[in-house]
Amino acid sequence: MSADAAARDGVEQESAFSHPSVEPDVTASYGEHPDQVIDFYAPRIDLDATAPLVVVLHGGAWRAAYDRRHVSPLAAFLALRAFAVASVEYRRGGAEPGAAGRWPETLDDVAAAFDALPGLVTDVLPQADSRRTVVIGHSAGGQLALWAAARHVLPEESPWWLPEPSVEGVVALAPIADLTKARELAVCSGAALQFLGGPERFEERRLSADPAALLPTGVPTTLVQGRADIVVPAEVAGSFAHAAAEAGQTVRLTLVRDAGHFPLIDPAADACAVVAEEIARLLNHP
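On a predicted model such as this, the values are computed, not experimentally measured, just so you know.

The rules we used
- Residue positions are given per chain, counted from 1 along the sequence in the order it is written.
- Since the coordinates come from a predicted model, pLDDT governs what is reported: local features require at least 70, and pairs of side-chain atoms require 80 or more to be given and counted, while whole-chain, interface and lining totals use all residues.
- The side-chain numbers reported here are obtained from all heavy atoms of the structure, hydrogens and water having been left aside.
- Under the DSSP-based scheme used, a helix requires at least four consecutive residues in state H or I and a strand at least two consecutive residues in state E, with every element numbered from the N terminus.
- Each residue is assigned to one of three classes by its accessible area relative to the maximum for its type, calculated with a 1.4 Å probe on protein chains only: buried under 20%, partly exposed between the two thresholds, exposed over 50%.
- Contact criterion: two residues are considered in contact whenever any of their non-hydrogen atoms come within 4.5 Å of each other.
- Only the protein chains shown count as cover for residues, and the accessible areas themselves come from Shrake-Rupley with a 1.4 Å probe.
- By the counting rule applied here, Lys and Arg register as positive and Asp and Glu as negative, while His and the ends of each chain are not counted.
- One atom stands in for each charge, and that atom is NZ of Lys, CZ of Arg, CG of Asp or CD of Glu.
- Within this scheme a cavity is a closed region of a 1 Å grid, computed over the protein atoms alone, that accommodates a 1.4 Å probe without allowing it to escape, whereas a pocket is open but has protein on both sides within 12 Å along at least five of seven lines; lining residues each have an atom within 4 Å of a point.
- Grid points are joined across faces, edges and corners, and a volume is the space filled by probe spheres set on the points.
- For this scheme, ten residues count as nonpolar: Ala, Val, Leu, Ile, Met, Phe, Trp, Tyr, Cys and Pro. Four count as charged, namely Asp, Glu, Lys and Arg, and the remainder, Gly too, count as polar.
- For this analysis, a salt bridge means a side-chain nitrogen from Lys or Arg found within 4 Å of a carboxyl oxygen belonging to Asp or Glu.
- In plain words, nonpolar cores are sets of buried Ala, Val, Leu, Ile, Met, Phe, Trp, Tyr and Cys residues tied together by side-chain atoms within 4.5 Å.
- Each helix should span, by expectation, one fewer than its residue count multiplied by 1.5 Å.

### Topic: the overall build of the chain
The helix and strand tally for the chain stands at 9 helices and 8 strands. Dimensions of the chain, computed from C-alpha atoms along their principal axes, come out at roughly 50 × 45 × 40 Å. Taking all 286 residues of the chain together, 57% fall into the buried category. Here the contacts in the chain between residues at least 6 apart in sequence split such that 78% fall between residues at least 24 apart. Here the chain has roughly 12,000 Å² of accessible surface; of this, 50% comes from carbon and sulfur atoms. Positive and negative charge centroids in the chain, built from 21 and 38 side chains respectively, lie 2 Å apart.

### A closer look at unusual backbone geometry
The step from Trp103 to Pro104 runs through a cis peptide bond, and the omega angle for that step is 5°. A cis amide bond links Leu215 with the next residue in sequence, Pro216, at an omega value of -5°. One can find Pro216 in the loop between α7 (202-209) and β7 (221-226). In the Ramachandran plot, Ser189 falls in the positive-phi region, its phi being about 55° despite a non-glycine side chain. Structurally, Ser189 is set in the loop between α5 (179-184) and α6 (191-195).

### Regarding empty space enclosed by the protein
What the rule picks out here adds up to 1 cavity of 30 Å³ or more. For the largest cavity, the calculated volume is near 50 Å³. Considering the residues around the largest cavity, the lining is formed by Leu146, Ala149, Ala150, Val170, Pro211, Leu214, Leu215, Thr217, Thr221, Phe240 and Gln249. Each residue belonging to the lining of the largest cavity can be placed in one class, and the counts come to 8 nonpolar, 3 polar and no charged.

### Some words on the pattern of salt bridges
Here the structure, examined in full by the defined rule, presents 16 salt bridges. Residue Glu89 pairs with Arg68 through a salt bridge whose shortest N-O separation is 3.4 Å. Note that Glu89 is positioned in the loop between β4 (84-88) and α3 (105-124) and Arg68 in the loop between β3 (51-57) and α2 (72-80), a separation of 21 residues in sequence. Under the relative-accessibility criterion, Arg68 is labelled buried at 14%.

### Examining the nonpolar core
Ile38, Phe40, Leu53, Leu57, Trp62, Phe114 and Leu117 are the most contacted members of the largest nonpolar core, which has 64 residues in total. The dominant element in this core, judged by the number of residues it contributes, is α3, at 8 residues. Once residues within four sequence positions are removed from consideration, Phe40 is found in contact with Pro24, Asp25, Val26, Ala28, Val85, Ala86, Leu117, Leu120, Val121, Val124 and Leu125. Among the nonpolar cores identified, the runner-up in size contains 30 residues, and Val85, Ala259, Phe262 and Ala276 belong to it.

### Regarding helix α8 (residues 234-247)
With 14 residues, α8 should reach 20 Å at 1.5 Å per residue; the first-to-last C-alpha distance of 20 Å fits that figure. Within α8, the full set of buried residues consists of Val236, Ala237, Ser239, Phe240, Ala241, Ala243 and Ala244. Buried residues along α8 sit in contact with α4 (140-148), α5, β7 and β8 (252-256). Remark: Gly248 follows α8 within two positions and exhibits a positive phi of approximately 95°.

Below you can see the structure in the form of structure tokens.
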């Protein structure tokens, strides 16, 4: 990693995290744990009909230090674009400080949140149409978003299995989309290996957690990736797109020039507008 690349990444991260948190219109629980909550943002443009629902899964390498507050400006930005938004919190971290993810709790929570969403939307966000749901996720949240869109591909005996997709599409932002490639590149200080429980459990658990192992899904899928990303390099998204092609699924890969990891969630950056455009394109795709 060059000094210039590291400096650029630092500036981009500072910008993305400089925005004050935006309070949601309402927060609802989907379970008893304090982290099992969803923040809802109503569309800020009056519509004649209900708005599509965008479900946001934040990143942070599945580590406890990062929660949904850092993507609340993104959620508010999308609400200004006439989307209804649900920002999901989930259990992260582990028994050791700095650990990446909880197995199986992290995936339990994402599954439970999606299962609860239609009912919660009816109760607290009537402006949203949960039948038109797109899930987006950044970084580790991109892995979770792709996974949530692939639950129908899991074996029927899996506790997370669904008989059919629960979303109309997925837009994954600089996603940790291929856990094997992420392990190879030691992305986020080996977070993928930690998340799956270390080398002894990695291959066994990867089969039910790795988006690259759950293909094809048949769900319209877009990856948005900064070309200059040094946190989750474009090679990871490229590896997923290649695996999808080999499985017979076309995945749209949008590479954003002059952007690293954090502009994709920074409302002040042009890359964030690209994200909103890709969501709208996917929803309007025949």
